[in-house]
Structure formats: C-alpha cells, structure tokens
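Below are the chains, spelled out letter by letter.
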Amino acid sequence: GAVVSQHPSRVICKSGTSVKIECRSLDFQATTMFWYRQFPKQSLMLMATSNEGSKATYEQGVEKDKFLINHASLTLSTLTVTSAHPEDSSFYICSAISQESSNQPQHFGDGTRLSIL
Amino acid sequence: GQQVMQIPQYQHVQEGEDFTTYCNSSTTLSNIQWYKQRPGGHPVFLIQLVKSGEVKKQKRLTFQFGEAKKNSSLHITATQTTDVGTYFCAGRRGGFKTIFGAGTRLFVKA
C-alpha cells in the first residue's frame, strides 16, 4: 500500500531554532500533501495544503512566515518551523494523496514530535 | 466554516460490549473517511464512504453514511482490547481539504 515517510520522528531543541520536517511519499507521486498539527488528546488541525510546484495554501490563523512549506517535487514536501518557541511544541503530521481525485484517502506519515525548550 | 462534530468524546466499555461513535457535518459532504489512531501513533486509514446511505463492513466494524451525506457512524461489535484507540471521522466537501472530527477515545476493559 501507499507509504509516507516523515522525518525526523522527534526533535528537541532550544527556543529560537528553526526546525525542518520532511515528508516523502515512497511508492507514489503526491501532487498534494497536507500538514497537520495535533495537541495531546486533541484532533488533527489542518495547517496547510501543499501543492507541488506552487505556493502552499494556509488555513486561517496559521502564520505562513512561521511555518514555511516547500513542495519541491512530487515525492517531497517540507515544513520548516522558523524561530521555534515553546508554544510551537506539538505533534506535526503530514499526509499525502496518491491521485488527483477527492475520493482518494490520505496516507499519513508517522509524525514528528517537536519539543522546544 | 465547515465543521465536523463527533461524539462521544470518550467511551469506556467492557470487553465484549458494543461501541458506536457518531459524526455530523454542518454541510453536505462528498465523502467521509474513518481513521484509527493508537496512543503515540499516527492516524491509520480504515475506510471511505462516498454514496448516500452507504454501509460498509470490516469484520466487527460497520460504517454508515447518512442519506443526506451529512452524518456517519462507526459501530464496533463485541469490542476487544485491540480496539483501543481514538477513532476519527474526516469529511470532505469537494476538493481535497479534509476536516477531522474531534475523535472518540475508546477504552476497553478486559
């Protein structure tokens, strides 16, 4: 089945550091990838939709200058949390759709647990 | 904006009892998907419902999509300890944007 790889799985760093998270579709081409944020015991909140070769579409309330998204190829999207602060600590999950159809399920990466000290 | 409401938030059951979680959307959905997330893990796709009134079964799990395509349910018959986790519904209203419900955490006591 479709596999999405997310790296790193866990990051612990100091406040002010920028952190890059990679999301790769391993066995399919993903024209669309999604980035979610999940706080403990809460649901997944969509942050942005990443489209290959174009600018990401951010959800309301998500700072695009804070959370930089790049979808440089059909198999890779990156999320960079710039100048991270403790309030950015969260579980970040990416997902990808394998085909250009709204009836395709999302395949999720394993997530990245970000802890800012 | 589009919202997907999911209830209950938590459910404690004795092993062998049934379990149901419900989702309601404020708008008509093009499809609805169900995911299961184990503690510390990522959401895993279970199933997708597209047609009005659709019912699908996976072993002890039964998924329904309402006639108006605004509500859905997941029913587990005779729960087992392996069913523990959080079950999310996720709806789409055309396009790819998916809105997740709050999730229902299932606890199963042996």
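Here's what I pulled together on the structure shown here.

The rules we used
Residues numbered from 1 in each chain as written. Chains lettered and ligands numbered in written order. Predicted model: local features only at pLDDT ≥ 70, side-chain atom pairs only at ≥ 80, totals over all residues. Heavy atoms only, no water. Pairing = 2+ DSSP bridges. Helix = DSSP H or I, 4+ residues; strand = E, 2+ residues; numbered from the N terminus. Axes fitted to C-alpha atoms, helices over the stretch in contact; angles between N-to-C directions. Salt bridge = Lys/Arg side-chain N within 4 Å of Asp/Glu carboxyl O. Buried < 20%, exposed > 50% of the residue type's maximum accessible area, 1.4 Å probe, protein only.

Comments concerning the sheet that holds strand β1 (residues 4-7) of chain B
Residues and elements named next belong to chain B.
No. 1: Read from one edge of the open sheet, five strands run β1-β3-β8-β7-β6, paired in antiparallel fashion. Every other strand in the sheet has two partners, leaving β1 and β6 (55-58) as the edge strands with one partner each. The mean angle between the axes of side-by-side strands here comes to 15 degrees, regardless of whether they run parallel or antiparallel.
No. 2: Note that strand β3 (residues 19-25) and strand β8 (residues 71-76) share six bridges and pair antiparallel. Looking across to β8, one finds that Phe19 is bridged to Ile76.

Overview of the pattern of salt bridges
Once the charged atoms of two side chains with opposite charge are near each other, the side chains can pair.
Residues and elements named next belong to chain A.
No. 1: As enumerated under the stated definition, the model contains five salt bridges over all chains in all.
No. 2: With a shortest N-O distance of 3.5 Å, Glu22 and Arg24 are connected by a salt bridge.
No. 3: Judged by its relative accessible area of 35%, Arg24 falls in the partly exposed class.
No. 4: Taking the shortest distance from any N to any O, the salt bridge between Lys66 and Asp88 comes out at 2.8 Å. Residue Lys66 is located in the loop between β6 (57-58) and β7 (67-73), and its partner Asp88 is located in the loop between β8 (76-81) and β9 (90-97); the two are separated by 22 residues in the primary sequence. Here Lys66 and Asp88 have matching classes, each one buried.

Some points on the environment of Val3 of chain A
Residues and elements named next belong to chain A.
No. 1: Tracing the backbone through its elements, the reader meets Val3 in the segment before β1 (4-7).
No. 2: Residue classification places Val3 among the partly exposed residues on the basis of a relative accessible area of 37%.
No. 3: Sequence-wise, Val3 and Gly109 are 106 residues apart; in three dimensions their C-alpha atoms are separated by 7.7 Å.

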